[in-house]
Amino acid sequence: MAAQTEESDCAREQTKAEQDVDQVRRRAARDQQRLDSGAVTSPKDLENLQREIASLAKRQGDLEDVVLEVMERRESAQERVAELTDRVASVQAKIDDATGRRDAAFEEIDAEVASVTKEREVVAGSVPADLLKLYDKLREQQGGIGAAKLYQRTCQGCRQELAITELNEIRSAAPDTVVRCENCRRILVRTSDSGL
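Structure report, in brief.

Criteria and thresholds
Residues numbered from 1 in each chain as written. Predicted model: local features only at pLDDT ≥ 70, side-chain atom pairs only at ≥ 80, totals over all residues. Heavy atoms only, no water. Helix = DSSP H or I, 4+ residues; strand = E, 2+ residues; numbered from the N terminus. Rg over C-alpha atoms; globule rule 2.2 N^0.38 Å. Buried < 20%, exposed > 50% of the residue type's maximum accessible area, 1.4 Å probe, protein only. Contact = heavy atoms within 4.5 Å. Core = buried A, V, L, I, M, F, W, Y, C linked by side-chain atoms within 4.5 Å. Disulfide = S-S within 2.5 Å. Patch = residues over 30% accessible without salt bridge, like charges linked within 9 Å, V, L, I, M, F, W, Y side chains within 5 Å. Areas by Shrake-Rupley, 256 points an atom, 1.4 Å probe, with all protein chains shown as cover. Salt bridge = Lys/Arg side-chain N within 4 Å of Asp/Glu carboxyl O. Expected span 1.5 Å × (residues − 1). Axes fitted to C-alpha atoms, helices over the stretch in contact; angles between N-to-C directions. Parallel < 35°, antiparallel > 145°, perpendicular 65-115°, else oblique. Left-handed = near helix turned anticlockwise from the far one by under 90°. Nonpolar A, V, L, I, M, F, W, Y, C, P; charged D, E, K, R; others polar. Pairing = 2+ DSSP bridges. Polar contact = N/O pair within 3.5 Å; in protein donor to acceptor, adjacent residues only side chain to side chain.

Considering the overall build of the protein
Item 1. On a plain count of helices and strands, the protein comes out with four helices and four strands.
Item 2. Reading the helices (α) and strands (β) of the protein from amino to carboxyl end gives α-α-α-β-β-α-β-β.
Item 3. In terms of overall dimensions, the protein is more spread out than a globule: its C-alpha atoms have a radius of gyration of 44 Å, far above the 16 Å expected for 196 residues.
Item 4. Its C-alpha atoms put the protein at 135 × 35 × 25 Å along the principal axes.
Item 5. In the protein, which comprises 196 residues, the proportion classed as buried is 20%.
Item 6. For the protein, contacts bridging at least 24 residues in sequence account for 57% of all contacts bridging at least 6.

Structural notes on the nonpolar core
Item 1. Core analysis: the largest hydrophobic core is formed by 10 residues, namely Ala-148, Leu-150, Cys-155, Leu-162, Leu-167, Ile-170, Val-179, Cys-181, Cys-184 and Leu-188.
Item 2. Elements with a contribution of two residues or more to this core: strand S1 (147-151) and helix H4 (164-172).
Item 3. Leaving out residues up to four positions away in the same chain, Cys-184 has contacts with Gln-142, Cys-155 and Cys-158.
Item 4. In this structure, Ala-17, Val-21, Val-24 and Leu-56 belong to the second largest nonpolar core, which totals seven residues.

A short note on the state of the cysteines
Item 1. Per the stated rule, a full pass over the model turns up zero disulfides.
Item 2. Free cysteine: Cys-181, not disulfide-bonded; nearest cysteine sulfur from Cys-158 at 3.8 Å.

Comments concerning a nonpolar patch on the surface
Item 1. Judged by side-chain polarity, Phe-106, Ile-109 and Val-113 come together as a nonpolar surface patch covering roughly 280 Å² of accessible area.
Item 2. Note that Ile-109 resides in helix H2 (residues 43-125).
Item 3. Exposure remark for Ile-109: the relative accessible area of 45% places this residue in the partly exposed category.

Examining helix H1 (residues 2-37)
Item 1. Compared with an ideal rise of 1.5 Å per residue, which puts 36 residues at 52 Å, H1 spans 52 Å between its outermost C-alpha atoms and is within 8% of the ideal.
Item 2. Regarding H1, the residues found buried are Ala-3, Glu-7, Cys-10, Ala-11, Gln-14, Ala-17, Val-21, Val-24, Ala-28, Asp-31 and Leu-35.
Item 3. Residues of H1 that are buried make contact with H2.
Item 4. Among the residues trailing H1, Gly-38 stands out with phi positive, at a value near 80°.

Some thoughts on the packing of H1 against H2
A pair of packed helices can be characterised by two numbers: the angle between their axes and the separation between those axes.
Item 1. Put simply, H1 and H2 touch, their axes get as near as 8 Å, and they point 160° apart. As judged from the angle between their axes, H1 and H2 are roughly antiparallel. Between H1 and H2 the crossing geometry is left-handed.
Item 2. Residues of the contact of H1 with H2, tallied by class, amount to 20 nonpolar, six polar and 15 charged.

As for the pairing of strand S4 (residues 187-190)
Item 1. Across four bridges, the pairing between S1 and S4 is parallel. Opposite Leu-150, over in S4, you have Arg-190 as the bridge partner.
Item 2. Once strand S3 (residues 179-180) ends, the chain turns through six residues before running back antiparallel as S4, passing Arg-185 with a positive phi of about 70°.

Things to note about the side chain of Ser-194
Item 1. Counting through the fold element by element, Ser-194 comes out in the segment after S4.
Item 2. Of the residues examined, Ser-194 reaches a relative accessible area of 0% and is grouped as buried.
Item 3. Within the structure, Ser-194 has its side chain in polar contact with the backbone oxygen of Leu-150 (distance 2.7 Å).
Item 4. If we skip the residues at most four places from it in the chain, Ser-194 touches Leu-150, Tyr-151, Gln-152, Arg-153 and Val-189.

Some thoughts on helix H3 (residues 129-141)
Item 1. A rise of 1.5 Å per residue sets the reference length of H3, with its 13 residues, at 18 Å; its end C-alpha atoms lie 18 Å apart and thus fit the reference within 8%.
Item 2. Following H3 by one or two positions, Gly-143 adopts a phi angle in the positive range, close to 70°.

Now the structure itself:
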């Protein structure tokens, strides 16, 4: 935006400077025509007219230098605008690509959530209501994890190794008894890798 503003400011400045040069040229041409026509006969008027033409020529040269300087600044501003426009386009392409990948990932996640939700409903239907209620309560309290695998004498919920007395209690409990971790209070899921 700043580069575009600078370029448009330079364009206005260049137009004004070119108009100033044209005005001086027209005035010098008009004075030269008066001089060439012979209409001015007084030597003093002739001398003043020649001095004015010389002054206008110098002024025209100065104004043309200004025009060139403004043109150079404008060209530099145009190059900057082109460079920044290319960079913006490149960044926008990266944004579009990242947005597309993000949207695809969201779709994948949404599909997985729908699938897991259906699976959970099926499994939840086979779990006793009081156990499901306990699980949901623990899940809410424990940041989304209400049950954890007991793996090699370690609760995978809190990552704490269970004490030997606790392991003995779990070992002696019936397979369908609900056992909980003494540290985090999550329901422990026993498997052949539990280390019992």
